Amino acid sequence: MELQLALAAFFAGILTILAPCVIPVLPIIVGSSAKDSKDRLKPVVITVSLMISIVVFTLLLRASTALIMLPANFWVIFSGTILIFFGIFMLFPNLWDWISLKA
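Residues numbered from 1 in each chain as written. Predicted model: local features only at pLDDT ≥ 70, side-chain atom pairs only at ≥ 80, totals over all residues. Heavy atoms only, no water.

> Describe the overall build of the chain, naming the residues involved and giving the relevant values.
Regarding its fold elements, the chain presents five helices and zero strands. Counted from the first residue to the last, the chain has its helices and strands arranged as α-α-α-α-α. Summed over all atoms, the accessible surface of the chain reaches about 8,400 Å², with 78% contributed by carbon and sulfur. (Helix = DSSP H or I, 4+ residues; strand = E, 2+ residues; numbered from the N terminus. Areas by Shrake-Rupley, 256 points an atom, 1.4 Å probe, with all protein chains shown as cover.)

Next comes the structure, spelled out in structure tokens:
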């Protein structure tokens, strides 16, 4: 079971490099690194490093979640709650100011 979860997390990390939030940033990072350097491998190194870091952090998150025995859907609920709060505060920016002053 752990091997299956590790493989799933590994492939999820690899697929994350193709996520819509990463794709717009990649040309900027690769383009600026290629412009500033004569080394032709620098953009490849940056892309592979980004991919490896995503895979490693995904595996670490999955392993730490398994070790502390959190339910599988905990991160889905947690991240969804954060997104809802950000959405509310973007719709009502004065609410954030009021909460900040009260705290």
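> Can you lay out the packing of helix α4 (residues 74–91) against helix α5 (residues 93–102) for me, pointing to particular residues and giving the numbers?
At a minimum axis separation of 4 Å, α4 and α5 run at an interaxial angle of 105°. In terms of orientation, α4 lies roughly perpendicular with respect to α5. Of α5, the residues touching α4 (which contributes I88, F89, M90 and L91) are P93, L95, W96 and I99. Here the contact of α4 with α5 is built from residues that sort into eight nonpolar, no polar and no charged. (Axes fitted to C-alpha atoms, helices over the stretch in contact; angles between N-to-C directions. Parallel < 35°, antiparallel > 145°, perpendicular 65-115°, else oblique. Contact = heavy atoms within 4.5 Å. Nonpolar A, V, L, I, M, F, W, Y, C, P; charged D, E, K, R; others polar.)

> Could you give me a rundown of the packing of aromatic side chains, with the residues and numbers involved?
Applying the stated rule across the entire model yields three aromatic pairs. Ring geometry for F74 against F78: centres 5.8 Å apart, planes inclined by 15°, an arrangement best described as stacked. With F74 and F78 both in helix α4 and four residues apart, this pair spans about one turn of that helix. Under the relative-accessibility criterion, F74 is labelled partly exposed at 30%. The interplanar angle of 65° and the centroid separation of 5.0 Å between the aromatic rings of F89 and W96 together place this pair among those described as edge-to-face. Accessibility expressed as a relative area gives 46% for W96, which makes it partly exposed. Taken together, the ring pairs in this structure connect F85, F89 and W96 into an aromatic cluster. (Phe/Tyr/Trp six-rings, centres within 6.5 Å; stacked < 30°, edge-to-face > 60°. Buried < 20%, exposed > 50% of the residue type's maximum accessible area, 1.4 Å probe, protein only.)

> Lay out the confidence of the model for the chain with the relevant residues and their values.
Here the chain averages 77 in pLDDT, while 84% of its residues score no lower than 70. The secondary structure element of the chain with the lowest average pLDDT is helix α2 (residues 25–36), at 71, and the one with the highest is α4, at 86. (pLDDT = per-residue confidence, 0-100.)

> Any details on helix α3 (residues 42–67)? Residues and values, ideally.
Its 26 residues give α3 an end-to-end C-alpha distance of 37 Å, which sits within 8% of 38 Å, the value for a rise of 1.5 Å per residue. Those residues of α3 not exposed but buried are P43, I54, V55 and T65. (Expected span 1.5 Å × (residues − 1).)

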